[in-house]
Structures are given as structure tokens and as C-alpha cells.
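Descriptive analysis of the structure
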There are 2 protein chains.
Amino acid sequence: MVSRERKPPDDAAVGGMPSPSAGLPPLDEEQVEVLRRVGREWGEAAGDPAAWRRALPVEPNLGGFPAPAEIRPAAYGRHVRVSSLGDASDPRQPDAIEWDEEQGAGGTRRARAAHLLRRTVLGMPLRSSAIARERLRKRVALPVLSADALSSVAYGPEALLAVLVLAGTAGLAYAAPLAALIVVLMVFVGLSYRQTIRAYPHGGGSYLVASANLGRTPGLLAAAGLMTDYVLTVSVSIAAGVAAIGPVLPLAARSPVPLGVVVILLLLAGNLRGVRQAGRLFAVPTYAFVLAVALLIGVGLYQAAGNGFTAEAPAPSHATEAVTLYLVLRAFASGSTAMTGIEAISNAVPIFRPTEWRNARTTLTCMILMLITLFAGIMTLVHLTGVTPNHQETLLSQLAHHVFGSGPWYVFVQLATAAVLLLAANTAYNDFPRVLFLLARDWYAPRVFLRLGDRLAFSHGIILLTGAALLLFVAFGGRTSALIPLYAVGVFLAFTLSQAGMVVHWHRTRDPHRRRSLLLNATGCVLAGVVFVAAVVTKFAAGAWVAILAIGGFLLLTTRIRRHYDRVGEALRLHPGALELPATACSVPAASGPAPEAEGGGRQADDRGDTDEAEREEAPEQIHHLSIVPVAVLDLAGMRALAYAAALRQPVLALHVSPSDEEADRFRDNWHQWGDHLPLEVVVTPYRAIIAPMIHYIEALHRQRPDLTMTVILPEIVPRRRRYRLLHSRVAGRLRRSLRALPKVVVTTVPFHV
Amino acid sequence: MVSRERKPPDDAAVGGMPSPSAGLPPLDEEQVEVLRRVGREWGEAAGDPAAWRRALPVEPNLGGFPAPAEIRPAAYGRHVRVSSLGDASDPRQPDAIEWDEEQGAGGTRRARAAHLLRRTVLGMPLRSSAIARERLRKRVALPVLSADALSSVAYGPEALLAVLVLAGTAGLAYAAPLAALIVVLMVFVGLSYRQTIRAYPHGGGSYLVASANLGRTPGLLAAAGLMTDYVLTVSVSIAAGVAAIGPVLPLAARSPVPLGVVVILLLLAGNLRGVRQAGRLFAVPTYAFVLAVALLIGVGLYQAAGNGFTAEAPAPSHATEAVTLYLVLRAFASGSTAMTGIEAISNAVPIFRPTEWRNARTTLTCMILMLITLFAGIMTLVHLTGVTPNHQETLLSQLAHHVFGSGPWYVFVQLATAAVLLLAANTAYNDFPRVLFLLARDWYAPRVFLRLGDRLAFSHGIILLTGAALLLFVAFGGRTSALIPLYAVGVFLAFTLSQAGMVVHWHRTRDPHRRRSLLLNATGCVLAGVVFVAAVVTKFAAGAWVAILAIGGFLLLTTRIRRHYDRVGEALRLHPGALELPATACSVPAASGPAPEAEGGGRQADDRGDTDEAEREEAPEQIHHLSIVPVAVLDLAGMRALAYAAALRQPVLALHVSPSDEEADRFRDNWHQWGDHLPLEVVVTPYRAIIAPMIHYIEALHRQRPDLTMTVILPEIVPRRRRYRLLHSRVAGRLRRSLRALPKVVVTTVPFHV
């Protein structure tokens, strides 16, 4: 079992608002208690804290040091200056220094170019305090949050009919009843989410609701469903959007894949910049789309009224399949993609103005009504005009052609459709990294997804989503019809689990309306479950297996990640006695070596305190040091490493790996001429390998004295310019990587700049 | 000017025999003297050497420790055991340990697989003492060393005729005089090299001769010429070899490029294994080739005698160019490629049996005679049979068809040709890395080319040659005719410079035969120079510009490398007072900190000596330490780093970079609960960056106290398996790379294994 159940941080109650310190959760009380005990042990071993502070040769609080204008910008490397905000005496922040980014004027040319590129693409970094908490009024929130759901009517009806048309005219007869069924489904899922909004006023994503009420695995399954769904939302929306502007922009029709890739990359750049701040602007395309489709439906119905609402017969198509329950179910599952995106509002309750949950519910109701109107209207129009899906033109485009001809209104419909689909893809960019953030906070995903980028966006999650969506988009040739079978599986899995979670939730609470809510959520759960099962069964071979595989793989991966983190957490856990402690009186050379008598000046000598600590020689857990300095040549770099080692006043052993006996003798001679100041060991390596014998020698020393902490002090030549690195031995780097695996070996690199 | 003219090691006189310790040249007397003085300074500052040795907590001489059979194989990582040869009391090697490679049974699965692959491809490593010094008798040395030169007749005559045929029958009339001219050239170049052999009995490569007699730049130019030539030898020989087996093996005719790539890769593998040891085996193809061509010429002449030596008229070809001096010169330059490889024997004098130079000269004469015979014979046969070069079939194959029909003799000629060309390519593998070795020894090439691989081959040079040859081969589509224009430029540049060097050599010496030798070498120099100029002028546009560019680039690169090494050498040079020295009594915390009274046990306490050194408090060059420990979380990894730092008993400052004020307060609270044992500084980073503020903080401390040596002690979590690395913060690695640029900052990594 999980040995260390980490508590989520306090602000988890806020439904997963991102926080810059999410990666550093506070300690719980037990841990604090352990910390105290470890501290007591430390104090007994290591002596007076005040002496340590007095010994400090620098003034660590740079609050008053030097005036910002005096600081040279980025003297070494590509980094910029610390500016001290407020003076050191500011009581609010006794010794905190703020760090401020500036246009790095210094650094290498390469670094400056990278900096410039970064700033051009991303803009200036934003302070953490700018994390968006702006509230939206309903008439802005509605278009922003419903773009995903409403845009689904651009491909949902087509997906439904594309399956039915396989059975010819007999199949198309099922269109009306299936559409009605989907509308019913929309109503119930909408009602279910109204309950969720009330129960989770801080935002109730499927992952949160499912994991809180059903437990770990269902939560992860819901997250897996959501995340595959978000990836698909991007791919499908971009594919459908590119298809929508095809008739208007010939380029899009000729090469949809490159165009789609460019659009996805623009989304990436925009989101890294943090476009989600531009909420208000996003209202335009959604309203335009709603207007366009409403117009289309209105004018279409008016025209149909002209000829007495007699449905035109669909173009005769010969049936390739019989009308079976399987076919009908498959059409139903495909058509249900019109519902994707319906969960967006319940995730985002906190962005509404107060009373948040009430406003959110109203908005949700509005959205559902609009969705139903558009969906039903389009299905009616399809019935009346008799258009059927074909590979050359989208259904919506056919309808628009039919109603408006090819004039500006037609172009308006197509452009509005493309715009809203782009917006829908952007919604996924908003939500995918947030789910990943929640998973990472619960140690189910790499911790790097907790990080907020320069522009307060979850850059890593955004990049991951882009990569996955690009892969899918390109692999499926940017065709909506090929991607649709993968869709809906994940989203209905998430719907089902989230509604099931709500059922458990209502079962547990004592809410006055709990019975009604429970009933609604249960109905939603059952309906979503049916769609999920139908989707899996009917679309499995057509591509749903990819989604299932992705969900399964995701579940496996997250559990393994969590297991690893648990194991690491256990290993990293503080407990009394776990630590080898520094001792005030070590057994080794600072004492037994060259200069036992502690004395001598230095600028701190005047305010040095007396050490009143009892010495604990018998403490079993003291650290014993040995420094090993591999020296190839007796040059300044090697000497400096030796001097560094000797100055630590711990025992030092110099190690020379020699390729031949003659060289070994020569080196020993030189060492003797130098004065034999430090113990030297020469290892002759008849096979010319350097790393391996060194590693093995150190390993052998470790076996001789397993209690020693060995510090390998490597001289390393660091040329100013990168391109000169090739000219120097890479032994230091390789040795460091190899030594990393050895127990109780610490690696120190003493750079020598040339 | 060069500030530090490094002396080549003593064995340079041996003509560049590879030595495993070439990378570690001995110090000259001045350096030894400096070393002594630096040692005296050190002794005054750092105290009694004997105390340092007594303080050592381990027995460094593992000679007697533990018995080889007891050592666990490769307990940590992919490394194998040290076996001690001889016991510790062996007076010859007072404290040297030999390292012995074994089949590493331990280590990770990946490491074992890599090890297995390496051993399968390369075989077991060879001891340095196995460096081949076997001597060859003349009849073995001849085929081994002349494969390159003799194989040139497979493409030289064709290259000559291919130019002349452009001018139709009128052009072909120049074939005979040009061939005669080339034969004269061969005679003179051969005579010139006979002089070189006598003057440089230890091997006189063009680089050595030119740089010894003419100076730095001519030497480098000669090396550049040789090296581009070696790369071309591989490409041209393989291209010609693949073309030769084309008629026999249809695969080779259909896809010459993939086949050629495979052959080059096989050469790579073979040479990494060290095939050059297999000298004797190499005699077979050369003799077979000589036999085959001799037979061809003999039978051809016999057949021609049958019809009274009347030359058949060449197939009528319409002239595309007029016969100009330019065209004739170009044909001459192209035909001179038949001479490439002639220098091989003079490079390899030491491998002959004594008296080496005498045997080498005899062998050279033999080779030249054979070369002239084959070349003249083929040209005669071409004249008699009237074949002309075409794109479908090589000239040699046409001749063989003409003389032998398509029977087994034909196949024999083609296979022998292919085999000898392969061998010629292999010669380049032998010589290219050796030139690179010489350049690296003189600091003109990266030092890595000094290293002898597992099998005593210069692995890095072999890999570089393979890469360059592959690039050329693929870029030119594996066509001999496309590569030929690049050829000859480099080799004749090297010839010219080496002969010029010899002229200077004879001018300087007092050899009894000097006048005759000087005259011969001067003639050779002039003739080679003429060919060089002709090649550059006539073939410039056709491809020679590539070779010229390569030679120029090479010259530039080597000089810059040398300049960099000189600068580094100057910076690394020891001189008195250059070093900050360890002081027996530092001003800082081991003294002023927690535990000033040196006392305490440890296993070495009993034999601790008195320190009789005078303390030098006023020494200006003492090292003052400050350890900075970045701590993100107070877990075991962070604590261990803190304990490690504290145990060094130098001043310690803990540094926490906090993403928010709340987290900063929380961390400070925790630190206080732990007991405030060490000074802590918290830096708040409102932009969430971690590396940059840390770097900058450290930089600011450096400005505060530029004399301090700051050690940044980084805790780093090291998961056992590579794939888990992604799950952990990479801050430690990135910080290490960023800190590398800072002055007086030492980076220590305290690994925490999980």
C-alpha cells in the first residue's frame, strides 16, 4: 500500500487553482515533530548555531547591498541581476530578497539571441501575483466556456449521418429518432452537471469528483478519459476547422495537413504566451457562430415553409450495409460527439461573479438550450434539404450552399465555423495542462507539470498536448472522419465516472435536495454509461481501440509514477537517527593532520564566540571524510584542485591513472620533486582505460572503509567558448556520471576557466 | 608568438610510433624547477607531509587487499575489478596497482548489452605492451605497402583517357606521350623517395619531413594534403572496387551506394578491431591483382602479336572539345592519380627487417617497377584494343572482356581488382589516424586523437575518417569519375612539400651523397609541383575546389586549435605565487566556528604526529571557504547535503529559493522548528525562475568577497533506473552547468540514491 499518503495542499479546496508553490507543499504536523527531533540530534552533534552564523564570512542579506544601479548586469554568463526590493530593515520580510528579471544585456551572443527569441514569442514574464482571478459576467462567460460544446454541432450531426448513410435511405430514416435521443441525453447530462455545480462550487472537474468520491483508480480513469479527449478535441477541431475554410481558402483544401500543423503551432505559441487572459475577445467567434447557424436554420426553415415543409428526398445512395442494431448504435455513438465540451462550465465555476454557482447554473442552462436548438435545427434542415455527408464537402457547408448559395453569407457561415472550432481547440489548451497539474500535485505525473511558465501558463503541459495532438493529426492525415471514431470514448468515460461520483456524493451528504439530485445524476450516469459502452463496442475496430489503449496506458503510467514517487518519498523521509551528522570534533586531519591547533586570524576572528557545546565523540553517526583528487598532469588546474582539497583540512589522497609504467615512474618523480606534500597513489592501466580503473579503485576503498564519505575532487578545464570544449578531455564529465552510481561518493568539480 | 613551445616527447625520433603515454609528455627542466619552488611554497603553507599521510583513513595501496577471488564483480555500475599484480612489497613498483579488464558480469542490463556488443565487434582489449613492432620481410612488406599504389592503375589510366576522349580521336593521340610522361614522373618520384628513406630511417612521412625542414605552415599543409588524400583514397577505392565487381555481382551494379556504405562500415569495424595486425593475409590480394593484370597484359599482347600488333581503331566518338593545352594538362593531372599511394613505403621504414632503410629502398624499387609495368602495359593494351572509357563499364573490365571474354579469367581479374582496392582503402585507415596522432601530439588536433583504443587502434581517427569518407562517397553518388577531380591535389601537394623539405634537409647536412640526393629530390619536387599546379588549374571547377577548400579549412582549424592550446597551456602553467594555498590555520569555522579545539578520536588518532610547521598567518594567498547549500525541501536528501557541508567545518550558508512569500514564511518556520542550526537565506522569486536568482545571488556574494572560494553543495536525487530521471527535478544538473561559468565557484553534488 501507499506508505506515505501525502496530503494535498490547503488550496486544493479551491478546485485546483494553480499556485506557484504547489511543488513545495507544507509539512504536516508529524513531519514537523520529526523535524524537531532531528534538529535536537543535530544540535547535540554539531554545536552552537550562533557560532555558525558568526563564522559566515559574508553578509547573506543582500537587501542593502549594493544599490541596483551599481550592479553590473550579468557579469558571468546569461543571468540577470538581483534587485533588492525594500531595504534590509523592512520588518515584513526580514531577510528575503526579490529577484527581478531584466533585459539581459550581458552573456554570450547565443544566450542573448535565445533570450530575444523567447521574449519575442512569449513576451515579458509575469509575476506570480498576476495569476488570473478575474471574474466574468455571464454574457462573457457563456461564449468563452461554450465554444467547445457549441462547435461540436459542426461535426456531430455529420458523424451521425455518415454512419446511417451506409445503410442507404433505410438507414437515414433513423436520423430523426437518434437525434431526439441525443437531445434527451443532452438534457439529462445538462441537468446532472447542474447538480455538480451546486455540489462543487469551487469547480468540479471529473478527476476531482471521481477521485474524491470513488477513489484512486476511477479518478485516474476519468483523468485519462478527459486527457485523451482533450488531445482529440484539438485534433478534431483543427481538422474540422481546416475543412470548414476549405471552400473559402483553396490552400486549405489542397494541403490541409501542413495548414493544420501551422495552426496547432500557433495555438502552442499563443498559449505559451498565455492567451487565456484574452477571455473577452473570445466571445466574438462564438456569438458569430451561433448567429450564423441560427440564421442558416431560420432562412432554411423559411425557404422550406415556402414549399410547405416537404422534405426533399436525399440523393439516392446505394446501401453498403444493412440496418442493424449495431449500425444504429454506432451512429448514435458517433452523433454523441456533438455533446463533447459540455463539462467545461462545471470545471470553471470560480471564474463567475458571485454567487458563482448560481450564475454558472444559469449559464449552463443557456448553453444547453443553445446547443439543443442548434443541433435540432441542423438535423431538421438536413431532413428538409435531403443533403447527405460526402467526402468533398462538410455537411454544414452543403447546408449553407443550399440555403445561401455561394454569396457572402455562405462565407460568413464557414468562417464563423472555423473560428469557433479554433476556439474549441484552445479550450483544450486551457484544461489539459490543468488536469495534468492536478495529477502532478497528487504525484501521479512528473512534478515538472506543476511549474508555471514565464507567462503563468503551464508550459510543459501545453507542449505535451501540442505534441500529442500533432502526432494524432498527422497520423490520421487531418481527416475529421478518421478521428471521430477515437473521440467520445474518453469523454463519455469521464462523464460516467463523474456522474457516478456525484451519486456517491449525494448518498453521503445531508443536502435537502439530495434525493432529486441523486436521481438526476444517476440518470445522467446511466445514460452516459450507455453511450460509453455503445461507443466502445461499435467503434472499437474503427479506431476506439486507440483511445482505449491510450487510457489503459495512461492508467498504468500514472500508477507507476505514483509508486515511484511513493518509494522515493519514503526514502527521503526524515526520521531520527537517519542522518550521519557533522561532528564538532572529527577524527580526521583538521585535527590529526597538519594543523591541529586551531588558531589564526581572518576577518571574522574578532567576533568569534566561545563554543560551549559538549563534544560527543562517541556518536556513532558521524561523517568521516576522505577527499580523492584524480590528477593527470601537475599543472595549475590540478594544483588548484589539490589546494582546494587540502584547504578543506580533511584527509586527501591524490590519484594518478597512468597508461604505462614509464609514465607512472615519471609522475612519481615529479610528485617527489614537488615535495610529496600529499599522499599519492598511482594506478597503472595496461588497457589505457581511465574511468573504469578509477571507479574501481574508489569502489575498493569504499569496501575497505564503508563508513567513509569520499569526495572525489575533479579539476575540470572550462573554456569560455562552447566550441572549444571538444578540445579538452571529457574525463571529468564522464567520471562524474559514472561516480554517481557509487554509494557515499560525493563529486566536486573545481572549474578552471581559460 | 607561441609562448610555450612544447617539446615533442623523446620517442618523436622514432618517427611517430604510437605510445599510450603520448598524452602525458614529460616535464622539461624549467618546469621541474618551477614545480620544486611551488612545492616549497606549499610546504610552508600546508604543513608536514607526513601528517597528511598519517591522517589517511584508508590503506591506499590495494596491492595486498583483498584477494582477487574475493572481490565482487562490478558491484556498482558497469565497471570491473582491479586486480593487483604482484604484492605490495614488490620493490619495482612500490605502490602501483594494475587494472585488469574482465567480462563484467554485474551492472545494468543496458550496460551489459553495450559491453557484449563492444566485445563482439571489437574483441577483447589488448594490453599496451602489445603495440605491434613486428618486422616484415620484403616479400610480405611489398604487397602490404604497395596495395594503394598498385591499385591506382585500376582507375588512373581510365581517368587519363576519360579526359582525352572528350576531344575524340585527336585527343586520344595524346594518350601515349602522356603515359610516357607519367612513367617518367613515377621514376623520379620513386628516386626521390629513395633519398627520403635513407635520410629518415625511422619513417619520414610528409608531415614530419616538411615540418622539420620547412617549418610549421608547410608541415600543416602537407598534413592537410595527406589527410584529404586519405579520405579520397577510401572513397575512390571503394567506388572503383564496387564498380569492378559490378559486372560480376548484379547487386553492386544496381545499388552501388548502399553496398559501398556497407563496405566502408565493415572497414570501420575491422579497423577498430585492429586488422592491421593481419599484415601477412593482406599479401594475397595484391599478388593476385598483380598476377591478374600481368596475365591480362601478357595474353593481350600475345593476341595482338597474332595480328601483327596492328592497333584497332577506337570506337568513333565525336569530339565535344578541341585539343587544347588545357585539356592535355587536365588529362595529365587526372592520369597522375595512378601514382597515389607511392609514399607508403617511406612512411613505414621501421617495419622492415634490418637493415631497414636498405630493405625499404629495395622494396620501393620493386614497387615502382611493378607499377610502371602495370601502368605501361595497360596503356599499351588500350592502344592496341582501341577501347575507350564509357559510363557502363570500367576500362579494366572492357580490356578483360576483350582479352578473356566472359569466362573465369575475367571474373578473376575483376575480383582481384576489387580486393586490392579494398586493401588500398584499408591503407588509408592505417595512415590517416597516424597523421592525426602526430598532429595531436604537436597540439594541432584535439588531444583525443592521441588515445589508443581497446585494440590499440586510434579509434577516434578511424571514426573521423569513416565519417568523412562516407560523406564524400554518398555526396558524389559513389561514382569514381566524379571523385577523381578532387583527388591528386592533396597528394601532390604533400609530395611537393615533402620533396622540398628533403632539398632543405640535404642542403643542411654533410652527407657524402648529398649533392646527388639534393638533385634527385629537387627534380622530384619540381615535377610533383608541376602536377600539383596542373591539377589545381585544370580541375578547379570540376571539383578540385572542394579539396582546396578542405586543405584551407584544415590549415585554419589546426592553427586555431594550436593557438587555443597554447593559450590554455599558458594559463595552466605553474609558476610560484600562482596558487592559492591551503593554510594550516584558516580563519574560518573549523576554527572560529563550532569546534575550535581540535581533538577527538578516529582510528588514526594513535599515530598522529606533532605539527612542527611554522604557521604563516600573513600569507596572502590562503584559501577561504564558504559552502552554499541550496535546499528546496527539508527532506533526507537536503539534510544529508547540509550535514555534509557542516562536516567540512567551513562556514555554511543554506539558500532557499521560494516561489511565493507564503512559502518563504513557511520554510523559515520549518527551519526554525528544526533549530536554526545553520544560517539560512531565503530568496523570493516572483517569476518562478530558480536557476537565475540562485546564480545571481551567488554572483553577488562573490562581488562582496572576491577572495572567497565558494562551494555550492547540491543535493541530487539519483534514481537507480534511467527512465525515472524524468520524474525528478533537473535543477541540480542545470545549476551545475550554469555555475560552471562563475569564477571561484566549486560545485559539489551529493547524490541521494533511491
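All residue numbers refer to position in the chain's written sequence, counted from 1. To label them, take the chains in the order written and letter them from A, then take the ligands in the order written and number them from 1. Local features in this predicted model are restricted to residues whose pLDDT is 70 or higher, and side-chain atom pairs enter the listing and the counts only when it is 80 or higher, whereas totals over whole chains, interfaces and linings include all residues. Side-chain measures here rest on the full set of heavy atoms in the structure, leaving out hydrogens and waters.

Topic: the packing of aromatic side chains
Within a pair of aromatic rings, the relevant descriptors are the distance that separates the centres and the angle that separates the planes. Rules: Pairing of aromatic rings covers Phe, Tyr and Trp, the last counted by its six-membered ring, and requires centre-to-centre distances within 6.5 Å; plane angles under 30 degrees mean stacked, over 60 mean edge-to-face, and any other angle means tilted. A run of H or I in DSSP counts as a helix once it spans at least four residues, and a run of E counts as a strand once it spans at least two, with each numbered from the N terminus. Lysine and arginine charges are scored as sitting over a ring when NZ or CZ, respectively, is within 6 Å of the ring centre and within 35 degrees of the ring normal.
One pass over the full model with this rule turns up 20 aromatic pairs over all chains. Considering the side-chain rings of Y155(A) and Y487(A), the 6.1 Å spacing of their centres and the 45 degrees angle between planes classify their relative orientation as tilted. Pair noted here: Y155(A) is in the loop between α4 (138–151) and α5 (156–164) and Y487(A) is in the loop between α19 (480–483) and α20 (489–508), with a separation of 332 residues, a long-range link. Three or more aromatic residues joined by ring pairs make a cluster, and in this case those are W42(A), F667(B), W671(B) and W674(B). When the ring centre of Y444(B) is taken as reference, the NZ or CZ atom of R562(B) above it lies at 5.2 Å. Positioned above the aromatic ring of Y724(B) is the side chain of R723(B), whose terminal nitrogen or guanidinium carbon lies 5.5 Å from the ring centre.

Looking at the pattern of salt bridges
Keep this limit in mind: A pair is scored as a salt bridge if a Lys or Arg side-chain nitrogen falls within 4 Å of a carboxyl oxygen belonging to Asp or Glu. Accessible area is worked out with a 1.4 Å probe on protein chains only. A residue is then buried under 20% of its type maximum, exposed over 50%, and partly exposed in between.
Counted according to the given criterion, the structure contains 16 salt bridges over all chains. One salt bridge connects R573(A) with E30(A), and the closest N-O pair in it is separated by 3.1 Å. With R573(A) in the loop between α21 (514–572) and β2 (624–630) and E30(A) in helix α1 (residues 29–46), this pair connects stretches of sequence that are 543 residues apart. A salt bridge links E716(A) to R736(A), with the nearest nitrogen and oxygen atoms 3.8 Å apart. Highlighted residues: E716(A) in strand β5 (residues 708–718) and R736(A) in helix α25 (residues 731–739), separated in sequence by 20 residues. In this pair, the class of E716(A) matches that of R736(A), namely buried. One salt-bridge network, held together by shared partners, links E716(A), R736(A) and R740(B).

Some words on the environment of V299(B)
What counts is decided by this rule: It only takes one pair of heavy atoms within 4.5 Å for two residues to be counted as in contact.
Positionally, V299(B) belongs in helix α12 (residues 283–306). Sequence-distant contacts of V299(B), that is, excluding residues within four places in its chain, are made with V403(B) and F404(B).

Observations concerning the domain arrangement of chain A
We count it as follows: For every domain, the bounds stem from an assignment made automatically or drawn from a database.
According to the domain assignment, chain A consists of domain 1 (21–56 + 578–615), domain 2 (133–569) and domain 3 (623–753). Computed from C-alpha atoms alone, the centre-to-centre distance between domain 1 of chain A and domain 2 of chain A is 59 Å.

A word on the side chain of T538(A)
Residue and element names in this part refer to chain A. Under the convention used in this document: As used in this structure description, the phrase polar contact means that two N or O atoms lie within 3.5 Å; if the pair is within protein, one of them must be able to donate a hydrogen and the other to accept it, and residues adjacent in sequence are counted only when both atoms belong to side chains.
Looking at the secondary structure, you find T538 in helix α21. For T538, a relative accessible area of 2% corresponds to the buried category. A polar contact of 2.7 Å, which involves the side chain of T538, links it to the backbone oxygen of A534.

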